[in-house]
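Structural description and commentary
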Amino acid sequence: MMIEKSGSIQLKEISLPEDASPELRELAQGMVRVKHLYRSALKVAVTQMEILDEEFASLYDHTPIHHIEYRIKTVDSIVDKLKRRGHEVTIDNIFAHIQDVAGIRVICNYLDDIYYLRSLLTRNESFKVIREVDYIKEPKDSGYRSLHLIVEVPIVISEGTLHLPVEIQLRTIAMDMWASLEHELRYKSNRDFNETEAARLRLCSEAVYEVDREMQNIYQGHAPEYHV
Ligand code: 0O2
């Protein structure tokens, strides 16, 4: 199942004041172009994941992918990230410094499915993995776990072939549950967690990881790692 989380790209998404300068107008036009190009890269990457998913479904009893979500980063989020990293907001700086304009989240059934998909992606000749961060083996301080890959995807446009980065986040259903609720708690309720709450979230993340490992063992018919 594929879930698109962003809508279509339109200039009106970028609200310009009536007296906007020519530079600002040019930047807005550039943003539309950026989004169009990254949307093409996203389509190529999503199609590839879809092909793998369909192949598994036809060949095996088990499919590693539960579902896929994808999105183009919002203009506000791109601008925030550039500023946070101390860069001027320019089109060139988006291409140079932002690697997650196009993002895919692949929700897997079991832990091993993540590493199996990773091995397929790294073997794919047309997708070059340019960055990998394993937040499963080394979770973030928040307790966040996922495997992040940045892959360069080729897109053919009128001017030739462009290679653009796409961020692929791979995580289990359980990790996704934790990340969604933590994100909801942290951002939607606009709260800063105190130390105790942050520690409780980390404990939840560890508990979720234990569940992932035990589900994996049950699936593979292995003995439990602990006794209940
Ligand atoms: P969006 O666009 O809304 O999805 P950054 O932290 O963004 O400056 P980097 O290296 O890009 O730098 O970030 P990182 O930490 O490798 O991955 C960023 C993305 O991972 C986030 O997207 C989240 O989707 C996810 N993520 C990272 N840390 C956490 C966390 O503690 N909790 C949750 N729930 N998700 C996390 P964005 O940037 O929020 O943006």
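My aim in this report is to walk through the structure given alongside it, one point at a time. (Residues numbered from 1 in each chain as written. Predicted model: local features only at pLDDT ≥ 70, side-chain atom pairs only at ≥ 80, totals over all residues. Heavy atoms only, no water.)

The next point concerns the overall build of the protein chain. Helices and strands together make up the secondary structure of the protein chain, namely six helices and six strands. The secondary structure elements of the protein chain, listed N-terminal to C-terminal, are β-α-β-α-α-β-α-β-β-β-α-α. Each principal axis of the C-alpha atoms in the protein chain carries an extent, and together these give about 70 × 45 × 25 Å. Considering the protein chain as a whole, with its 228 residues, one finds that 40% of them fall into the buried category. Contacts in the protein chain between residues far apart in sequence, at least 24 positions, make up 65% of those at least 6 positions apart. Counting every atom, the protein chain has about 13,400 Å² of accessible surface; 50% of that belongs to carbon and sulfur. (Helix = DSSP H or I, 4+ residues; strand = E, 2+ residues; numbered from the N terminus. Buried < 20%, exposed > 50% of the residue type's maximum accessible area, 1.4 Å probe, protein only. Contact = heavy atoms within 4.5 Å. Areas by Shrake-Rupley, 256 points an atom, 1.4 Å probe, with all protein chains shown as cover.)

With that out of the way, let us pick up empty space enclosed by the protein. Scanning the model with the defined rule gives one cavity of 30 Å³ or more in all. Here the largest cavity defines a volume of roughly 30 Å³. Along its surface, the largest cavity is lined by Gly143, Arg145, Met175, Trp178, Ser205 and Val208. Mapped by element, the contributors of at least two residues to the lining of the largest cavity are helix H5 (173–188) and helix H6 (195–220). Here the lining of the largest cavity is built from residues that sort into three nonpolar, two polar and one charged. (1 Å grid on protein atoms, 1.4 Å probe; cavity = no way out; pocket = protein on both sides within 12 Å on 5 of 7 lines; lining within 4 Å. Points joined across faces, edges and corners; volume = space filled by probe spheres on them. Nonpolar A, V, L, I, M, F, W, Y, C, P; charged D, E, K, R; others polar.)

Turning to the site of the ligand, a few remarks are in order. Looking at the ligand, there are 17 residues lining it, with Lys73, Lys81, Lys140, Ser142 and Glu182 nearest. Take Lys73: an N or O atom from its side chain is 2.7 Å from an oxygen atom of the ligand. Across the complex, the protein chains shield 74% of the 750 Å² of accessible surface that the ligand would expose by itself. In terms of residue class, the shell around the ligand is built from three nonpolar, five polar and nine charged. (Near = heavy atom within 4 Å. Polar contact = N/O pair within 3.5 Å; in protein donor to acceptor, adjacent residues only side chain to side chain.)

In spatial order, the strands read S1-S2-S3-S6-S5-S4; together these six strands make up an open sheet with mixed pairing. Each edge of the open sheet is held by one strand with a lone partner, namely strand S1 (2–4) and strand S4 (128–134). With direction set aside, neighbouring strand axes in the sheet form an average angle of 25°. (Pairing = 2+ DSSP bridges. Axes fitted to C-alpha atoms, helices over the stretch in contact; angles between N-to-C directions.)

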